[in-house]
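Here is how the chains run, residue by residue.
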Amino acid sequence: MSPQTLKVDYRELAAAIASLTEGETDEVALMATLACEIHHSDQRFDWTGFYRVTEPGLLKIGPYQGGHGCLVIPFSRGVCGAAARNGETQLVPDVEAFPGHIACASSTRSELVIPVRNKAGQVIAVLDIDSDQPDAFTAEDDRQLSAILASVFGRL
Ligand code: SME
């Protein structure tokens, strides 16, 4: 498959992540590994990383791949803030149409942000994937990535 057409094979991705993270419980080690594996699995993903809940109502940058991200995002702001605040995936086909979107890279056109929960069901972080392509993400991406996140962070 040429790099231009690389599209994620979720079965392969889930298997690689399960094998790489087996037995690991350190949050940062897990986030770093997932950011790397997910980012390189699909040409649509131009920024892939985690924002961690470090105090009530606040997200701080965690492990990521891509250009630099904002260091701090309050729950009240942006797509990441909305996902953390509502505990629900935000699938944004057009970032320009999302009120309060935080533009870390002007090239970003669409985003997928998924809450990350621990075993107790608390939102401990969000996974943020940004694409330079408009309308890059599908409900299937949400389902598959949510399942991977649950299998990895649901054991913490
Ligand atoms: N676009 C995100 C901010 C994070 S950066 O783009 C890496 C948002 O609005 O939440």
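Notes on the structure follow. (Residues numbered from 1 in each chain as written. Predicted model: local features only at pLDDT ≥ 70, side-chain atom pairs only at ≥ 80, totals over all residues. Heavy atoms only, no water.)

Before going further, it helps to examine the pairing of strand β2 (residues 58-65). Sheet topology note: the strand β1 (residues 47-55)/β2 ladder contains 6 bridges and is antiparallel. Pairing of V53 across the sheet is with L59, part of β2. Counting the residues that bridge the hairpin from β1 to β2 gives 2 residues, and of these G57 lies at a positive phi of roughly 80°. Relative to strand β3 (residues 72-74), β2 runs antiparallel, the two sharing 3 bridges. Paired with L59 across the bridge in β3 is I73. (Pairing = 2+ DSSP bridges. Helix = DSSP H or I, 4+ residues; strand = E, 2+ residues; numbered from the N terminus.)

To continue, consider the sheet that holds strand β6 (residues 123-131). Remark on secondary structure: sheet strands pair via backbone hydrogen bonds, oriented parallel or antiparallel. Spatially, β3-β2-β1-β6-β5-β4 is the arrangement adopted by the 6 strands of the open sheet, whose pairing is antiparallel. Sheet topology places β3 and β4 (90-92) at the edges, where each strand pairs with a single neighbour. Strand-to-strand twist in this sheet, taken as the mean axis angle between neighbours without regard to direction, amounts to 25°. In the packing of helix α4 (residues 139-153) onto the sheet, contacts are made with β1, β4, β5 (110-117) and β6, and the angle to β5 comes to roughly 30°. (Axes fitted to C-alpha atoms, helices over the stretch in contact; angles between N-to-C directions. Contact = heavy atoms within 4.5 Å.)

Counting across every chain of the model gives 1 disulfide. The cysteine C80 is free of any disulfide, with C104 supplying the nearest cysteine sulfur at 8.0 Å. When its relative accessible area of 5% is taken as the criterion, C80 is described as buried. (Disulfide = S-S within 2.5 Å. Buried < 20%, exposed > 50% of the residue type's maximum accessible area, 1.4 Å probe, protein only.)

Close approach of charged atoms allows side chains of opposite charge to pair. Inspection of every chain in the model, using the stated rule, returns 3 salt bridges. With a closest N to O distance of 2.9 Å, R44 and D42 form a salt bridge. Given a relative accessible area of 7%, R44 falls into the buried group. Among the charged side chains, a salt-bridge network with shared partners connects D42, R44 and D141. (Salt bridge = Lys/Arg side-chain N within 4 Å of Asp/Glu carboxyl O.)

Because an α-helix completes one turn every 3.6 residues, residues spaced three or four positions apart along the sequence face the same direction. The terminal C-alpha atoms of helix α1 (residues 10-21) lie 16 Å apart, and with 12 residues this matches the ideal 16 Å at 1.5 Å per residue to within 8%. The complete set of buried residues in α1 reads Y10, L13, I17 and T21. The buried residues of α1 occupy an angular sector of 60° when the element is viewed end-on, so they sit on one face. Exposed side chains of α1 directed beyond 90 degrees from the buried face belong to R11, E12 and S19. Tucked inside the fold, the buried residues of α1 contact α2 (27-39) and α4. G23 sits one or two positions beyond α1 and adopts a positive phi of about 80°. (Expected span 1.5 Å × (residues − 1). Arc of directions from axis to C-beta.)

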